Each structure stands twice: as structure tokens, then as C-alpha cells.
Amino acid sequence: SPRKQRTNGQGRHIPSPPALPVLGHLHLLKKPLHRSLAALATRYDTEGAGLLHLRFGAKRVLLVTSPSVAEECFTVHDVALADRPGLASRRVLTQDCPAIAMCSYGPLWRQLRRLATVHALCAHRLAATSGARDAESRAMAAKLLRRAAARPVAVKAAAYEFAANVIMAMVAGTRMTGDQVRRFREMTEAGLAAAGAANRHDSLPVLRMLDFGRTRRRLAGIAEARRQFGQSILDDYRQRRHRHPGGADDDAGERETARTVLGDLLRQQQEEQSPEHLDDVVVRSVCLSLLQGGTDTTASTIEWAMALLLTNPSAAKKATAEIDSVVGTSRLLQESDLAGLPYLRCIVSETLRLYPLAPNHVPHEASRDCVVASGHAVARGTMVLVDVFSMQRDPAVWGERPEEFVPERFMDGGSGVGGRRDGGSSRWMMPFGMGRRKCPGEGLALKMVGVTLGVMMQCFEWEPDGGKEVDMSEGSGLTMPMATPLMAVCRPRANMESLLKAL
Ligand code: HEM
């Protein structure tokens, strides 16, 4: 094809493994995907171009494996690479309720992302909503205490309930029952699984032809569940407003802390002179993007962090000692304490280094031809993946034992999270991405993970269920959860028991 000639005929050759007809390189991919992509890069990018060219069936894929190329992609070429793959399945899945993370680069994406930032995720709103998060961490501690004596705790489920309710409080000023959290989680996971399966269909037209629309129908069913869930949050909110006009979220006498995303957006919807028209599709998309973008990622990161602490007791001891000396035992740790707990923050950074939840980021797509890394041509329509996982374990950057959990690495030079080189050193990580599609929830995520870990360590002693060894292997999918969910036994620490009982 003309495009193929253009790419191959111009500039330097991007290394690529031998491909099969139709499948391209699909036959080389194994689970978990991030490990298998990293292995291909090691094997075929022998000259260290920092790039690998692959084909997932009909889809061209560029894997970026070096920090300097990644940095170039998301600065110099940020606009050209800001699109998301326009997969047919994705359009079905997010119909009537587009998700920010999946939107094409354009006006709708810009509007949704700006609304989520202005009404929930910017530093100003985060400062105003810390009370809601502290209330949720108290609720989590109380629930863990009730569970403590009885049976082992599924750490991710506890963290999931915390994160979902924190975001629900910011979105609607309400909580979900345990049952609602479970249903929300099932819906979200079904969507992720279906999207994974649908990716195969999208890259292999043959499969799509043989499927007779089954996948499409399943995706449409999940899309409808999402739409209904999103709409029910709006309808519940409107009903509450109707029953209690002049409540905390009403115009008159509204307190800064009581403002919610829904309150803001629905008020704007009704204002006649409002600068932009917000229909229900936009409002529920913002709410669902916050809930679905922030819950699973945060909960899994907390689960990885607890697994690391359970397998590294000396780090756990050091964290507890820091909390005891800074916060004490007469009150519960709060979000505002995080600033004075550097070691705890280093634990969060080190967890995100070893287990970045999106090990290849969310796929980007080139919306026009561009030339990266001194002369390598990338054609329009190429999917761009970043090998964050390997970069953050590169011995050239992180020293001889990059696989080890050593929070002290971050003690000297700031957190290093967020695509920055910290303190001018060469240590570089980007668990939240970089450029205009970077995660807008980084600030919130760091607070949620920090507080949850802090409260869990301050209040309880933890050990793996049945004293078994913790299985640290990574699961596969679009994100990288633990392959074996972490089950742990927690006991209230003796000097915290009375405080916990009074919660
Ligand atoms: C530890 C937790 C989290 C991690 C590791 C994480 C990581 C990421 C990554 C890697 C991306 C893709 C960046 C790219 O495409 O270049 C992303 C996108 C996104 N994240 Fe997060 N995230 C986390 C928590 C959150 C939270 C708490 C929220 C909001 C409540 C959130 C909302 C989003 C949204 C809306 C996007 C899509 C951005 C866009 O496409 O413009 N994330 N996240």
C-alpha cells in the first residue's frame, strides 16, 4: 500500500520481529502482555533504538522502550500521538456514555476532561474535599476492625470500597452500599474483559466475520448497563434535590466542602446563560469516567503496596514507626498528615515504580504521520504503547537490583513520579503517563493510596492468610492486577484498640 511504502521507504528502519501473514505478530504475544512485549524488545531491538514495530493482526503497533523516546513522543509529538485507537468495539462499548480515557482527541474529549478536572481533580477541589476522604478512611478502619477477628480480609475489596466511595462522595455526596460497590465492580470488570476480547476481534477481521455479531451484542449489553448506572446516579441526585430543596448542595448557603460534581454540572445545565450546554450524556460521562477511571487503578495499587509491605517487614516496621512518631496513637491518620510522612510517600512511589497499574499505558494512536527518534517514520493510524514496566526496572537507571522493593531510593530526591527526572538525577518514571493524555487523577490517586496505606499500617498488624507466602505474580488484562488476590489477616494494634472501637 502507499502508506507502507512511505513508512518503509523513508528514514531509518524500526526493528521488528519476523511476522506471519494475517496474524502479524499476534502469535508471539503471551500473557501477561507487558512481559511478552518487553521480551520481544530485548530480543529484536538489538541496537537500542528504543523502538519496536509490531503488527497485531491488521493493526500497526509501535512499542516505545526508552525514556528519551517516550519523552520525545509526549512532548514534541504530543498532539500527533494524542488520539486513542478508534477500534470499532470501543465505539459500541462507550456509546451514549463516552469515557474520557477512550475518547478520540477532539472537542468532546477536551470538554469532558476539563469538566472532570475543574469540578473534581484540580488541586483546589482536592483541598476542598479532603474531609470526605478522611470520613471514608475512618469508615474503612471501622469495617476492618469488625472483620479483624472473624476472617481474612480481601485487601483489594476493602481498598475498592474505599476508593469507590471516596469518588462517589466527590461526585454525588453519597455512599454506595457494599452491594452496590460489588455490582459496580462486576460491571466495570465485565467491561474491561469484553474490551480485551474485542481487541482481538478488532485486530483480526477474520474473527469478526466468524462471530456473527455475538461480541457486538455482548458489548452493547455492557454499554447499556453502563448507561443505566450513570443515569441512575443522576436521577437519584435529582430526586434528592427535589425532596430537599435548599440542601447542602443548593445554591443558597452552599459550603465549599459540600459542592459535588453533580451539583455543579446539573446547576450549570439549568442556567440559561451558561457558556456551554451540558446534556445528560456529558454529565453522566464525567461521573462514570471518574468512578471507573479511579477505582480499580487505585484499589489495585493499594493491594500491590500491601503485598510489598507484607513481604518486606522491615519497610513495614519503618513506616509504622514514622506514623507513630508523627501522628501518634491518640487520633487517626488524616490526609493532611501525608506531607509529614516522607517514608510513607516513598513506599507509594516505589510501589508505582515496580507495579505501574497500566504497564504499557493506555494505548495512544498517531493521527498523522510523524518522525521520531532521529529519523524513524511512524505512519498515521499506528497504535503507540510504552514499555513503562521495563523502563521502571532498568538496572542502568535503578541500580543492580531494580526488582527489589527499596522505598529508600526515593528518600533523597523527591517522589520522582509523573514523567519527571527527579532532582536532576537520571531516575525516571511515568506510571501516570505524560503529555496531554496523562492521567488527570494523579493527585487524587496519590492521596487515596497514601491515606489508605497509612491508616492500615497505623491501626493494624498484618500477616498473609495462613502464614502463606504471598504470590507476587502479575495478572494480565488491560491493567496489571495481582494474579492471586491478596488475602491477609489483620489485628488491631494494642495501642490503637480503644481509638478504633470509638470510631
Ligand atoms: C494509582 C492509580 C492510577 C494510575 C496508576 C493511573 C494511571 C493512568 C494512566 C497510565 C493513564 C493513561 C495515560 C496516557 O494515556 O498517556 C491514565 C488515564 C486516565 N486516568 Fe488514571 N491512574 C490512576 C488513578 C486515577 C484516578 C484516581 C482517576 C480519577 C478519579 C483517574 C482518571 C483517569 C482518566 C480520566 C484518564 C484518561 C485521560 C485521557 O485519556 O485524557 N486515574 N491513568
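The model shown is predicted, which means the values in this text are computed figures rather than measured ones.

Q: It is not clear to me how the overall build of the protein should be interpreted in this structure. Could you clarify?
A: A tally of regular secondary structure across the protein gives 19 helices and eleven strands. If you take every contact in the protein between residues at least 6 apart in sequence, the share linking residues at least 24 apart comes to 73%. Element-wise, carbon and sulfur atoms account for 55% of the exposed surface of the protein, whose accessible area totals about 22100 Å².

Q: Which parts of the structure should I look at to understand helix H11 (residues 214–243)?
A: The periodicity of an α-helix, 3.6 residues per turn, causes residues three or four positions apart to be oriented the same way. Its 30 residues give H11 an end-to-end C-alpha distance of 43 Å, which sits within 8% of 44 Å, the value for a rise of 1.5 Å per residue. Among the residues of H11, Thr215, Leu219, Ile222, Ala223, Arg226, Phe229, Gly230, Gln231, Ile233, Leu234 and Tyr237 are the ones counted as buried.

Q: Is there a simple way to think about the nonpolar core in this case?
A: Nonpolar side chains in soluble globular proteins tend to end up buried together. Of all hydrophobic cores here, the largest spans 104 residues; its most connected members are Leu262, Leu453 and Trp462. Counting residues in hydrophobic clusters, the runner-up holds 22 residues, among them Leu51, Val64, Ala373 and Met434.

Q: Looking at this structure, how should I read the packing of helix H8 (residues 155–172) against helix H18 (residues 442–459)?
A: Helix-helix packing is described using two parameters, namely the angle between the two axes and the distance between the axes. Following both chains from N to C, one finds H8 and H18 inclined at 130°, their axes separated by 11 Å at the closest point. The orientation of H8 relative to H18 falls into the category oblique. The two elements H8 and H18 cross, and the hand of that crossing is right-handed. Only Leu444, Met448, Thr452 and Met456 of H18 make contact with H8, whose side of the interface consists of Val155, Phe162, Ala163, Val166, Ile167 and Met170. Residue composition of the contact of H8 with H18, grouped by class: nine nonpolar, one polar and no charged.

Q: What am I meant to see in the pattern of salt bridges here?
A: When the charged atoms of two side chains with opposite charge come close together, those side chains can pair. Tallied over the full model, the rule gives 25 salt bridges. Note that Arg238 is salt-bridged to Asp280, the shortest N-O span being 2.8 Å. Residue Arg238 is found in helix H11, and its partner Asp280 is found in helix H13 (residues 280–311); the two are separated by 42 residues along the sequence. On the accessibility criterion, Asp280 (22% relative accessible area) is partly exposed. The closest approach of N and O atoms between Glu350 and Arg409, which form a salt bridge, is 2.9 Å. Highlighted residues: Glu350 in helix H15 (residues 342–354) and Arg409 in the loop between helix H17 (395–398) and strand S8 (420–421), separated in sequence by 59 residues. Given a relative accessible area of 14%, Arg409 falls into the buried group. Each of Asp235, Arg238 and Asp280 takes part in salt bridges that share partners, so that together they form one network.

Q: Which parts of the structure should I look at to understand the site of the ligand?
A: Taken together, 26 residues sit near the ligand, with Arg84, Trp109, Arg113, His364 and Cys439 positioned nearest. For the shell around the ligand, the secondary structure elements donating two or more residues are helix H5 (107–121), H13 and H18. Looking at which element gives the most residues to the shell around the ligand, the answer is H13, with six residues. In terms of residue class, the shell around the ligand is built from 15 nonpolar, eight polar and three charged.

Q: How should I be thinking about the environment of Asn312 in this particular structure?
A: By the element assignment, Asn312 lies in the loop between H13 and helix H14 (313–326). With 157 residues separating them in the primary sequence, Asn312 and Glu469 have C-alpha atoms 12 Å apart.

Q: What is the right way to read the pairing of strand S10 (residues 460–464) from this model?
A: Two faces, one strand: in a regular strand the side chains alternate between the faces of the sheet. Burial along S10 is one-sided: Phe460, Trp462 and Pro464 are buried, while Glu461 and Glu463, pointing the other way, are not. Judged from the five bridges that link them, S10 and strand S11 (residues 487–492) form a sheet pairing that is antiparallel. Within S11, the residue paired with Glu461 across the bridge is Arg491.

Q: What's the story with the sheet that holds S11 in this structure? I'm lost.
A: Two pairing modes exist for strands in a sheet, parallel and antiparallel, and in both the strands are linked by backbone hydrogen bonds. Here we have three strands laid out as an open sheet, ordered S3-S11-S10, and antiparallel in their pairing. Where the open sheet ends on each side, the last strands, each with one partner, are strand S3 (153–154) and S10. Sitting on the sheet, H18 is in contact with S10 and S11, with an inclination near 95° to S10.

Q: Hey, could you run me through the pairing of strand S7 (residues 383–386) in this one?
A: Side chains Met383 and Leu385 of S7 all project onto a buried face; the interleaved residues Val384 and Val386 project onto the opposite face, where all are buried too. Pairing of strand S2 (residues 59–64) with S7 involves four bridges; the strand directions are parallel. From the neighbouring strand, Leu62 faces S7, where its bridge partner is Val384. Relative to S7, strand S4 (residues 364–365) runs antiparallel, the two being bridged by two bridges. Within the sheet, the bridge partner assigned to Glu365 lies in S7 and is Met383.

Q: What is the right way to read the side chain of Thr351 from this model?
A: Relative to the helices and strands, Thr351 is located in helix H15. Not counting residues up to four positions away in its chain, the partners in contact with Thr351 are Thr301, Trp304, Ala305, Leu308, Pro356 and Phe405.

Q: Whenever I open this one, unusual backbone geometry confuses me. Can you help?
A: Most peptide bonds adopt trans geometry, and most residues besides glycine take a negative phi value. The omega torsion of the bond from Lys31 to Pro32 falls at -10°, within 30 degrees of zero and hence cis. As for its position among the elements, Pro32 is in the loop between helix H1 (2–9) and helix H2 (33–44). The phi dihedral of Val22 falls on the positive side, at around 65°, and the residue is not glycine. Within the secondary structure layout, Val22 lies in the loop between H1 and H2. Look at Val22 and you get exposed, because its relative accessible area is 55%. Residues other than glycine seldom take positive phi values, yet His361 does so here, at roughly 60°.

What counts as what
- Residues numbered from 1 in each chain as written.
- Predicted model: local features only at pLDDT ≥ 70, side-chain atom pairs only at ≥ 80, totals over all residues.
- Heavy atoms only, no water.
- Helix = DSSP H or I, 4+ residues; strand = E, 2+ residues; numbered from the N terminus.
- Contact = heavy atoms within 4.5 Å.
- Areas by Shrake-Rupley, 256 points an atom, 1.4 Å probe, with all protein chains shown as cover.
- Expected span 1.5 Å × (residues − 1).
- Buried < 20%, exposed > 50% of the residue type's maximum accessible area, 1.4 Å probe, protein only.
- Core = buried A, V, L, I, M, F, W, Y, C linked by side-chain atoms within 4.5 Å.
- Axes fitted to C-alpha atoms, helices over the stretch in contact; angles between N-to-C directions.
- Parallel < 35°, antiparallel > 145°, perpendicular 65-115°, else oblique.
- Left-handed = near helix turned anticlockwise from the far one by under 90°.
- Nonpolar A, V, L, I, M, F, W, Y, C, P; charged D, E, K, R; others polar.
- Salt bridge = Lys/Arg side-chain N within 4 Å of Asp/Glu carboxyl O.
- Near = heavy atom within 4 Å.
- Pairing = 2+ DSSP bridges.

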